[in-house]
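Take a look at the letters that make up each chain.
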Amino acid sequence: MSDPRGVFEQPGWSTVVRSAALAGSFLLISPVASHLIAQGASNDRATLSISPQPELWPESPASPSTQGPPEGDQPLFEVGTHRAISNVAIRRADCQVDAFLKNELLLTNGILTSTSQGGLASRLEDGAEDEDEQYLTRPFNHFYNPVTNGGLNDLTSGMNSLQWAYNAGNNNEDWTDARDSYYRALTQPTRNQRLTELATTFFRLGHVIHLLQDLAQPQHTRNDAHRVGAEFESYCLTHYGTPGAISSLPSEGIPSFSGGTSPFGGIPPEFAGFWDTEQYTGQAAFAGFGGTPGLSEYSNAYFITDDTMFGNTRMALLPRAGAPALRILMTDAAENRSTAAAHLFPHPHIRNTNVASFYPASTTFVWLQREGTDVPDAVHYVDLVVRNGAGAVVHTTPSLFLINDDNEIGFDDVTYQSAASMLIPKAVSYSAGLMNYFFRGKIGLPTPTTTWDGTEKKNQIEIKNDSAEAFGQGTWELYYDDVSGNRTKLDAFDASAYSGLAAGASFTAKFPEVLCDGGYGFTLVFKGQIGNEQNAIATKTFYTANETWTGTFYTPSGSEYCFDVTNQCIAIFVRPTPPGYDIVGYLQFVGSSDLFPVSGTCNNDQLQFGIAAECGAYLSGTISGSTLTNGQTCCWYCPLDPPPTGPWFCGSVTGMERTE
């Protein structure tokens, strides 16, 4: 076998070539198609055995090969698998992103919302690809070892992927950058600017979930540097490089994390938990997880890789019921580096496998050689079986590795299938969970959304924390849109009553009437502490409640077409969702049963509100504060005999005020 690491050690290769060779955070292993089983990939554990070898100690491990890359071995980026995983993750029914965009931001197309950069879901997938395509430096930072909390330290080094994902000074596509884009997506003046920033938010979030998905490739959690096109990843791209193929796998429940501790100050444990809950730190007595593990912990503790096969184990005694213990002696192929100092992990241990079950009681000694990738002619597929202190099985990794008739241990398509069927669903579910965490900041508003404070002449709004975590120190802002989607901050928004909100708690804020200053939409934004995360964001786009205004109507004298009446008129203003008028609603005269549907615009302080049909109403005037002055109104009732021959009201409105 050629040494997949020879590419790093060949003298004279440039740094760029070394970087390209390492570029990887490409994913994982993939289940083998059913035809492979039909072609003879046997999993018969009952009838096959390996002849015992002479009871001799194995030789010292050989030095790794310095041979260069095989002829024709060219870089291949397995970015398609990341794109497919991201595609499936954001479209899961229990991924809340689509519903959040529709219900909280009133984007009717949700994750399919179009921007100048593309649809939002597509931008997420673009970001998941781009994290690998910038391969010269970024992939060195795609590793996380939960035993040491460190990054890649094998032939070269890099920042651990948890810190790289959250807030790295030299990473412009991390979580904090995504937060900044999200804030601008809510507060920029024009609709195009906001959509562009929202697309950037999803692009950066794609970068972050790429790093999380990499934890489902055990080489990335076991400090195992690998060349582009590593067998696990190439196999996955071939068989699971499309959303349809990934969707055919069993679905894992979406995880979430609360409390606990974080490996690094400044990174909330609820975020860090997707990487590392610190349940597993390499302890010798590890016997399974008490709660949902971080993805790095799961793949590190329950899987092996070509160069991290049982660490520096040279001999192990495997007890057997009713038979003598089986002695396993292990040596290493020349290209295998499992005994290298950087590759020593206590788990999985060969003692926690069922390898002893394949041999008769008369066999007391078996010699095995750590080979690694693409080992042919399997005769045994060995399972990892983890038990707790009471002896109950808490985890099984079927076909963790194989043994062939040359006493070599390693992997083939069947082992890749087994690993992928467990790891890819976790990559999908953890990605969806992290997206849910990003958009968890929710604000609840009552119905009707606003009430009117007649004393202060202001809108009142009851703001509720609809998130599962408390809101701490932070700022509240209110923005409103005009009919063209231009957004303006309402500086007179008064949230001084805020002093923090427990989950489910509320407080009252106020803002002045802005009927003629804006249009149909308001967006409320909180930026501050949510749970343990600083500079998190909660938001809500909404419309004010129906606004009822009343005033006195006086008919002018001397008009032959006007009834000689004095009455009140009522205007009910409704702010619609776009597309539509600035204002729609109804006009009614007290004493009449007619309610006229009307629409209009509000330009600066001039109101024009009405319809020009055969039967309808019209209202216009100047709004000053909460009062309509210099108003004019007309109203007629007869659809077959309209003015100038039919009956109608025509006159002025004085002192119309908002009374709700």
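Parameters at a glance
- Residues numbered from 1 in each chain as written.
- Predicted model: local features only at pLDDT ≥ 70, side-chain atom pairs only at ≥ 80, totals over all residues.
- Heavy atoms only, no water.
- Pairing = 2+ DSSP bridges.
- Helix = DSSP H or I, 4+ residues; strand = E, 2+ residues; numbered from the N terminus.
- Axes fitted to C-alpha atoms, helices over the stretch in contact; angles between N-to-C directions.
- Contact = heavy atoms within 4.5 Å.
- 1 Å grid on protein atoms, 1.4 Å probe; cavity = no way out; pocket = protein on both sides within 12 Å on 5 of 7 lines; lining within 4 Å.
- Points joined across faces, edges and corners; volume = space filled by probe spheres on them.
- Nonpolar A, V, L, I, M, F, W, Y, C, P; charged D, E, K, R; others polar.
- Buried < 20%, exposed > 50% of the residue type's maximum accessible area, 1.4 Å probe, protein only.
- Polar contact = N/O pair within 3.5 Å; in protein donor to acceptor, adjacent residues only side chain to side chain.
- pLDDT = per-residue confidence, 0-100.
- Lys, Arg positive; Asp, Glu negative; His and termini not counted.
- Salt bridge = Lys/Arg side-chain N within 4 Å of Asp/Glu carboxyl O.
- Phe/Tyr/Trp six-rings, centres within 6.5 Å; stacked < 30°, edge-to-face > 60°.
- Lys NZ or Arg CZ within 6 Å of the ring centre and 35° of its normal.
- Expected span 1.5 Å × (residues − 1).
- Parallel < 35°, antiparallel > 145°, perpendicular 65-115°, else oblique.
- Left-handed = near helix turned anticlockwise from the far one by under 90°.

Enquirer: Please provide a residue-by-residue account of the sheet that holds strand β8 (residues 408-410), values included.
Expert: For sheets, the rule is that strands pair by backbone hydrogen bonds, running either parallel or antiparallel. The 6 strands lie next to each other as β3-β4-β5-β8-β7-β6, forming an open sheet whose pairing is mixed. Two strands bound the open sheet, and with one partner strand each, they are β3 (315-320) and β6 (378-387). When the angles between neighbouring strand axes are averaged without regard to direction, this sheet yields 35°. With 8 bridges connecting them, β6 and strand β7 (residues 393-404) associate as antiparallel partners. Across the sheet, residue Tyr381 finds its bridge partner in β7, namely Leu402. In this fold helix α13 (residues 295-302) packs onto β6 and β7, with an angle of close to 50° to the strand it touches most, β7. Taken strand by strand, helix α14 (residues 413-438) contacts β6, β7 and β8, and its axis lies near 155° from that of β7.

Enquirer: Before we move on, could you go through the layout of surface pockets and cite the residues and values that matter?
Expert: Its boundaries defined by the atoms lining it, the second largest pocket holds a volume of some 360 Å³. Contributing to the lining of the second largest pocket are 18 residues, with Ser256, Tyr437, Arg440, Ala468 and Glu469 lying nearest its centre. Sort the elements by how many residues they give to the lining of the second largest pocket and α14 lands first, with 3 residues. Residues that form the lining of the second largest pocket fall into these classes: 6 nonpolar, 7 polar and 5 charged.

Enquirer: Would you mind going over the sheet that holds strand β12 (residues 471-481) in detail, with residue names and values included?
Expert: A sheet is described by the order of its strands in space; here 4 strands give the open sequence β13-β12-β15-β16, paired in antiparallel fashion. The open sheet has two edge strands with one neighbour each: β13 (487-489) and β16 (533-542). Each strand of the sheet is rotated relative to its neighbour by a mean of 25°, with strand direction disregarded. Here β12 pairs with β13 via 3 bridges, running antiparallel. Note on β13: the bridge partner recorded for Tyr480 is Thr488.

Enquirer: I'd love a proper account of the pairing of strand β5 (residues 365-372), names of residues and values included.
Expert: For a regular strand, the rule is simple: side chains alternate between the two faces of the sheet. Among the 8 residues of β5, 7 are classified as buried, and the element is accordingly described as predominantly covered. In terms of strand pairing, strand β4 (residues 323-332) meets β5 through 6 bridges, oriented parallel. Residue pairing for β5: Thr331 is matched across the bridge by Gln369.

Enquirer: Account for the pairing of β7, naming residues and giving values.
Expert: Two successive antiparallel strands, β6 and β7, enclose a turn made up of 5 residues, where Gly391 displays a positive phi of approximately 90°. In this sheet, β8 lies alongside β7 in antiparallel orientation, the contact comprising 2 bridges. Paired with Ile403 across the bridge in β8 is Ile409. Connecting the antiparallel pair β7 and β8 is a turn made up of 3 residues, with Asn407 showing a positive phi of about 65°.

Enquirer: How would you sum up the environment of Arg387? Please name residues and give values.
Expert: Tracing the backbone shows Arg387 in strand β6. Classification of Arg387 as partly exposed rests on a relative accessible area of 45%. Between the C-alpha atom of Arg387 and that of Asn352, which follows or precedes it by 35 residues, the distance is 8.1 Å. Side-chain polar atoms of Arg387 contact the backbone oxygen of Gly391, separated by 3.0 Å.

Enquirer: So what about the confidence of the model for the chain? Which residues, and what values?
Expert: Detailed reading of the predicted coordinates is not advisable wherever pLDDT is low. When pLDDT is averaged along the chain, the result is 82; 79% of the residues meet or exceed 70. In this model, residues 1-77 is a region of pLDDT below 50 whose contacts with residues beyond four sequence positions or in other chains number 204 contacts.

Enquirer: With reference to specific residues and values, describe the side chain of Asp174.
Expert: You can see Asp174 is positioned in the loop between α7 (161-167) and α8 (175-187). One buried charge, Asp174, has no salt-bridge partner; the nearest side chain with opposite charge is Arg204, at 7.0 Å. Here the side chain of Asp174 touches Asp177 through a polar contact of 2.9 Å, landing on its backbone nitrogen. If near-sequence neighbours (up to four positions away) are discounted, Asp174 is found in contact with Trp164, Ala165, Tyr166, Asn167, Ala168, Arg204 and Val208.

Enquirer: Can you lay out the packing of aromatic side chains for me, pointing to particular residues and giving the numbers?
Expert: In the structure shown here, the tally under the stated rule is 35 aromatic pairs. When the ring of Phe289 is compared with that of Tyr302, the centres are 5.6 Å apart and the planes differ by 85°; the resulting orientation is edge-to-face. Here Phe289 is found in the loop between α12 (269-272) and α13, whereas its partner Tyr302 is found in helix α13, with 13 residues between them in sequence. Neither Phe289 nor Tyr302 differs from the other in exposure class; each is buried. The structure contains a cluster of three or more aromatic residues connected by ring pairs, namely Phe100, Tyr166, Trp175, Tyr182, Phe202, Phe271, Trp275, Tyr437, Phe438 and Phe439. Lys426 extends its terminal NZ or CZ atom over the ring of Tyr298, reaching a point 4.5 Å from the ring centre.

Enquirer: Give a description of the pattern of salt bridges that names residues and reports values.
Expert: A side chain with one charge can pair with a side chain of the opposite charge if their charged atoms come near. For the structure on display, the rule yields 23 salt bridges. Its salt-bridge partner being Asp332, residue Arg314 comes within 3.0 Å of it at the nearest N-O pair. Here Asp332 lies in strand β4 and Arg314 lies in the loop between α13 and β3, a separation of 18 residues in the sequence. A residue is classified by how much of its surface remains accessible, and Arg314, at 23% relative accessible area, is partly exposed. Between Glu477 and Lys489 there is a salt bridge, and its shortest N-O distance comes to 3.2 Å. Here Glu477 is found in strand β12, whereas its partner Lys489 is found in strand β13, with 12 residues between them in sequence. Classification of Glu477 as buried rests on a relative accessible area of 12%.

Enquirer: Quick rundown of helix α9 (residues 191-214)? Include the residues and the values.
Expert: Between its terminal C-alpha atoms α9 stretches 35 Å, which fits the 34 Å expected from 24 residues at 1.5 Å a residue. Counting buried residues along α9, 20 of its 24 residues qualify, which places the element largely inside the surrounding structure.

Enquirer: So what's going on with unusual backbone geometry? Which residues, and what values?
Expert: With an omega of -5°, the peptide bond running from His347 to Pro348 counts as cis. Of note, Pro348 is situated in the loop between β4 and β5. Backbone geometry places Phe310, a non-glycine residue, at a positive phi of 70°. Structurally, Phe310 is set in the loop between α13 and β3.

Enquirer: If you had to explain the packing of α8 against α9 to someone new, which residues and values would you point to?
Expert: In contact at an axis separation of 8 Å, α8 and α9 are set at 160° when each is read in the N-to-C sense. Here α8 lies roughly antiparallel to α9, going by the angle between them. Relative to α9, the crossing made by α8 is left-handed. Across from Trp175, Asp177, Ala178, Ser181, Tyr182, Arg184, Ala185, Leu186 and Thr187 in α8, the residues of α9 making contact are Arg194, Glu197, Leu198, Thr200, Thr201, Arg204, Leu205 and Val208. Per-class residue counts for the contact of α8 with α9 are 8 nonpolar, 4 polar and 5 charged.

Enquirer: Can you explain the environment of Lys457? Please cite residues and give values.
Expert: Along the chain, Lys457 turns up in the loop between β10 (450-453) and β11 (458-465). Counting along the chain gives 54 residues from Lys457 to Phe511, while the straight-line C-alpha distance between them is 9.1 Å. With residues up to four places along the chain from it excluded, the contact list for Lys457 reads Trp452, Glu513, Ser626 and Glu657.

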